[in-house]
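Coordinates in review
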Amino acid sequence: MEGVNRAMSESIGLVRKEQVAEGTMAFTFSRPAQFEFRAGQAMDLTLIDLPQTDAEGDVRTFTIASAPSTTTLMIATPDEGHRVQRVLHAAAPGLTLKLEGPSGSFNLHKNVAKPAVLLAGGIGVTPFLSIVRQAVKDGARGASSSFLFQPASGRHRVSERARGPFGGEAGSAWFRR
């Protein structure tokens, strides 16, 4: 998977959605078998089969919050903002979108002996979710690293289920990679 940059365009379906903080939902999509990405990368999602468009357009870029090792793709987004976000928040499972990507190179460094400090706030946590989930999945090796995060406000506290292996609502988590 080293150097994944083969962009693709394919239809994907919304599998499920869940509230992960007040006003913020996580969306899980089917993942095309040939779609490969590195933790920290993003993808474009396009609304399709709409009777009309507007000035905002139908495309939005989202950081992938799931680890590359998973069989689905997950994003998280607040309910305010772009039309694509609003449509997603109102959608039921089964909604079809066009995926294009992956894109970006916001990745964890490759030197496993060198510690990493990851600092995130609010919805900016999403690339780190992918990075840390993949590092944890890859197993304990190398230097200890820190993941520090803070919700944008009390309204954005992350649900216990959504935090998974990361622990407390705000503060830090340590992982070995």
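Structure first, text after, so check above.
By convention here, each chain's residues receive numbers from 1 onward along its written sequence. Residue-level local features of this predicted model are given only where pLDDT is at least 70; pairs of side-chain atoms are given and counted only at 80 or more, and the full residue set underlies all totals for whole chains, interfaces and linings. Heavy atoms from the whole structure form the basis of all side-chain values; hydrogens and water molecules are not counted.

A few words now on the pattern of salt bridges. Proximity of charged atoms lets side chains of opposite charge pair with each other. Here, a salt bridge means any side-chain nitrogen of Lys or Arg that lies within 4 Å of a carboxyl oxygen of Asp or Glu. Counted according to the given criterion, the structure contains two salt bridges. Notably, a salt bridge pairs Asp58 with Arg83, separated by 2.6 Å at the nearest N-O pair. Taken as a pair, Asp58 in the loop between strand S3 (42-47) and strand S4 (59-63) and Arg83 in helix H1 (residues 83-90) lie far apart in primary sequence, 25 residues in all. By the burial criterion, Asp58 is buried, and Arg83 matches it. Each helix corresponds to a stretch of at least 4 residues labelled H or I by DSSP, and each strand to a stretch of at least 2 residues labelled E; elements are numbered beginning at the N terminus. Exposed residues in this analysis have more than 50% of their type's maximum accessible area, buried residues have under 20%, and partly exposed residues fall in between, with area computed by a 1.4 Å probe over protein chains only.

Here Leu47 is to be found in strand S3. Among the residues examined, Leu47 registers a relative accessible area of 6% and is labelled buried. For the pair formed by Leu47 and Leu99, sequence separation is 52 residues and the distance between their alpha carbons is 9.4 Å. The contact criterion used is simple: two residues touch if any of their non-hydrogen atoms lie within 4.5 Å. If we ignore the near neighbours within four places in the chain, the residues touching Leu47 are Asp58, Arg83, Val84, Val87 and Leu97.

Here we come to the side chain of Gln85. As for its placement among the helices and strands, Gln85 is situated in helix H1. The exposure class assigned to Gln85 is buried, which follows from its relative accessible area of 5%. Side-chain atoms alone can form a polar contact between residues adjacent in sequence; in general such a contact is a pair of N or O atoms within 3.5 Å, and within protein one must be able to donate a hydrogen while the other accepts it. A polar contact of 2.6 Å, which involves the side chain of Gln85, links it to the side chain of Thr77. Setting aside chain neighbours within four positions, we find Gln85 in contact with Arg60, Phe62, Thr77, Pro78 and Glu80.

In this description, a nonpolar core means a group of buried Ala, Val, Leu, Ile, Met, Phe, Trp, Tyr and Cys residues linked to one another through side-chain atoms lying within 4.5 Å. Membership of the largest hydrophobic core comes to 20 residues, with the highest contact counts inside it found for Phe29, Leu45, Leu73, Ile75, Leu88 and Leu99. Only strand S1 (8-21), strand S2 (24-30), S3, strand S5 (72-78), H1 and strand S6 (96-103) provide two or more residues apiece to this core.

Any two strands between which DSSP finds at least two bridges are classified as paired. Sheet architecture is open: six strands sit in the order S4-S3-S6-S1-S2-S5, paired in antiparallel fashion. Strands at the two margins of the open sheet, each flanked by one partner only, are S4 and S5. Strand-to-strand, the axes of this sheet are offset by a mean angle of 40 degrees, without reference to chain direction. Strand direction decides the pairing type here: S2 and S5, joined by seven bridges, are antiparallel. Its bridge partner lying in S5, Ser30 is registered against Thr72. The convention used is that axes are lines fitted to C-alpha atoms, helices contributing only their stretch in contact, and that angles between N-to-C directions extend from 0 to 180 degrees. H1 contacts S1, S2, S3, S4, S5 and S6 of the sheet and is inclined by roughly 75 degrees relative to S4.

All right, on to the pairing of S6 then. With six bridges connecting them, S1 and S6 associate as antiparallel partners. When the sheet's bridge partners are listed, Ser11 is paired in S6 with Lys98. Inspection of the sheet shows S3 paired to S6 by five bridges, in the antiparallel sense. What sits directly across from Asp44, in S6, is Glu100.

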